[in-house]
Amino acid sequence: MKAIAVEPGVADSVRVEDVETAPGPDDGLLVRTLAIGVCGTDAGIVAGSDGVAPPGEDRLIIGHESLGVVERAPDGSGFAPGDHVAGIVRRPDPVPCPCCARGEWDMCSNGRYRERGIKALHGFAATSFTVEPEFAVRVPPELGVTGVLVEPASIVAKAWRRIDDFVGRNCLEPSRVLVTGAGPIGLLAALLGAQRGFEVHVLDRVTSGPKPGLVEQLGARYHTTGVADACEGADITLECTGADQVTIDAIANSGRNGIVCLTGVSEGGYATEVDVGAINRSIVLDNDIVFGSVNANRSDYEAGIDALLRADETWRTGLITRSVPIDSATDAFTSQDGDVKTIVAFDELE
Ligand code: BGC
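Along each chain, residue indices are assigned from 1 in the same order as the chain's sequence is written. Given that the model is predicted, a residue must reach a pLDDT of at least 70 before its local features are reported, and side-chain atom pairs must reach 80 or more before they are shown or counted; all residues, however, enter totals for whole chains, interfaces and linings. Processing note: side-chain calculations cover all non-hydrogen atoms of the structure and skip hydrogens and water entirely.

A. Geometry of the packing of aromatic side chains. To pair, rings of Phe, Tyr and Trp, with the six-membered ring standing in for Trp, must have centres within 6.5 Å; the planes then decide the type, stacked if under 30 degrees apart, edge-to-face if over 60, and tilted in the middle. A full pass over the atoms with the stated rule returns four aromatic pairs. Considering the side-chain rings of F124 and F129, the 4.7 Å spacing of their centres and the 55 degrees angle between planes classify their relative orientation as tilted. Only protein chains enter the accessibility calculation, which uses a 1.4 Å probe; a residue is then buried when its area is under 20% of its type maximum, exposed when over 50%, and partly exposed in between. The exposure class of F124 is buried, given its relative accessible area of 0%. Pairing F166 with F291 gives two aromatic rings, centres 5.0 Å apart and planes at 70 degrees, and the pair type is edge-to-face. Separated by 125 residues along the polypeptide, F166 in helix α3 (residues 150-168) and F291 in strand β17 (residues 289-292) bring together distant segments of the chain. Distance and angle both matter: a charge sits over a ring if NZ of Lys or CZ of Arg is within 6 Å of the ring centre and within 35 degrees of the ring normal. Taking the ring centre of Y113 as reference, the NZ or CZ of K119 above it sits at 4.1 Å. Here the basic side chain of R138 rests over the ring of F79, its NZ or CZ set 4.7 Å away from the ring centre. Note on conventions: DSSP H or I runs of at least 4 residues are helices, E runs of at least 2 residues are strands, and numbering of each starts at the N terminus.

The following block contains the structure:
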């Protein structure tokens with residue numbers, strides 16, 4: 001069978017290889033892969049700046065955004081052949097810490113978690129993969145190929161869950177939401193903001209291609225100027241670029257009682273001068289909340305599926321702008337103009 005693998009830490013070592021067995025645990029569900037989504041984390045792994053191979057191995061099979069069809073399901077697993085599934089990415093740490101012990105592995109407090117296709121476990125980017133039933137999520141077949149968006153949708157569902165929590169515990173009545181970045185995470189964050197009835201503004205650099213239309217179809221406004229021009233004093237900001245200056249601007253721009261959720265994983269190595277005192281003063285005097293959000297637990301996958309089902313089908317499908325066949329999978333990691341979500345297609349939906 002074919003698999004997409006890298007040598008972690010070595011730039012451009014990504015190859016389509018022949019492997020003997022489906023990556024994943026020996027028992028569990030056997031899943032025929034339909035598609036794998038490619039994201040910024042994969043780009044970092046391919047560039048050699050991220051990714052850890054399983055212990056004792058040199059190569060890592062990548063792929064953490066998955067969609068497949070169950071081919072074999074153990075009795076009592078709750079799944080049956082033909083079910084569409086996505087694999088949950090993170091596995092709890094072995095201790096486990098108090099969060100992992102409660103199934104909140106996305107909040108792992110000792111950092112010893114593992115992640116399929118990212119950290120110490122092979123991913124899902126192979127002709128077939130296996131997954132423990134307790135780490136498989138049933139994907140409604142009506143999502144079709146957009147079921148591959150369940151994992152990125154889970155990431156924004158978690159971010160919004162935490163924002164909802166802050167809002168609900170306080171006297172806040174937010175109305176204006178700023179999303180920085182109109183990539184898949186930004187657009188899905190905008191979708192969940194629009195579904196909550198907020199006035200949503202999305203900032204991105206590009207002036208052409210599918211992004212402006214995808215934002216407008218949500219009833220949101222698309223901006224290309226700057227953070228403050230897009231939505232000065234936003235009540236809620238979801239920073240989805242990881243771009244250094246945009247991140248600083250997003251924090252500095254937040255309004256009174258503002259909530260800023262950072263979701264983009266930056267590279268590091270960017271140094272600039274900022275007036276820390278002025279930023280601190282405005283965060284303190286405004287009661288701002290600035291927090292980071294990563295990964296997702298099972299409840300977030302379910303909330304992500306719910307949001308995707310409620311989205312317009314044409315909009316959902318429009319997020320997938322490029323589908324690369326497995327044999328030329330290495331092309332998927334070089335971004336092209338007009339890309340939103342690129343997927344690697346392993347098999348056709350029946
Ligand atoms: C994945 C998350 C993962 C994070 C850090 C993201 O791209 O979607 O599941 O936790 O990378 O590794």
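Alright, that's what it looks like, and here's the rest.
B. How the structure looks around the pairing of strand β3 (residues 29-38). Burial of β3 is extensive: nine of the 10 residues sit out of reach of the surface. Relative to strand β10 (residues 128-131), β3 runs antiparallel, the two sharing four bridges. Residue pairing across strands places L30 opposite T130, the latter belonging to β10. Strand direction decides the pairing type here: β3 and strand β5 (residues 65-72), joined by seven bridges, are antiparallel. Paired with V31 across the strands is V70, a residue of β5. Pairing of β3 with strand β19 (residues 341-345) involves four bridges; the strand directions are antiparallel. Opposite G37, over in β19, you have I343 as the bridge partner. Between any two strands, at least two bridges found by DSSP are needed for them to pair.

C. Local environment of the site of the ligand. Any residue with a heavy atom positioned within 4 Å of a molecule or strand is treated as near that molecule or strand. The environment of the ligand is formed by C39, T41, H64, V89, R90, E115, I118, E151, I155, V294 and N295. We call two N or O atoms a polar contact when they sit within 3.5 Å, provided that within protein one can donate a hydrogen and the other can accept it, with sequence-adjacent residues counted only if both atoms are side-chain atoms. Note that an oxygen atom of the ligand is positioned 3.4 Å from one of the side-chain N or O atoms of H64. A distance of 2.8 Å is found between an oxygen atom of the ligand and a side-chain nitrogen or oxygen belonging to E151. Of the residues that constitute the shell around the ligand, the class distribution is five nonpolar, three polar and three charged. Each residue gets one of three labels, nonpolar for Ala, Val, Leu, Ile, Met, Phe, Trp, Tyr, Cys and Pro, charged for Asp, Glu, Lys and Arg, and polar for the others, Gly among them.

The analysis is restricted to geometry; functional conclusions fall outside its scope.
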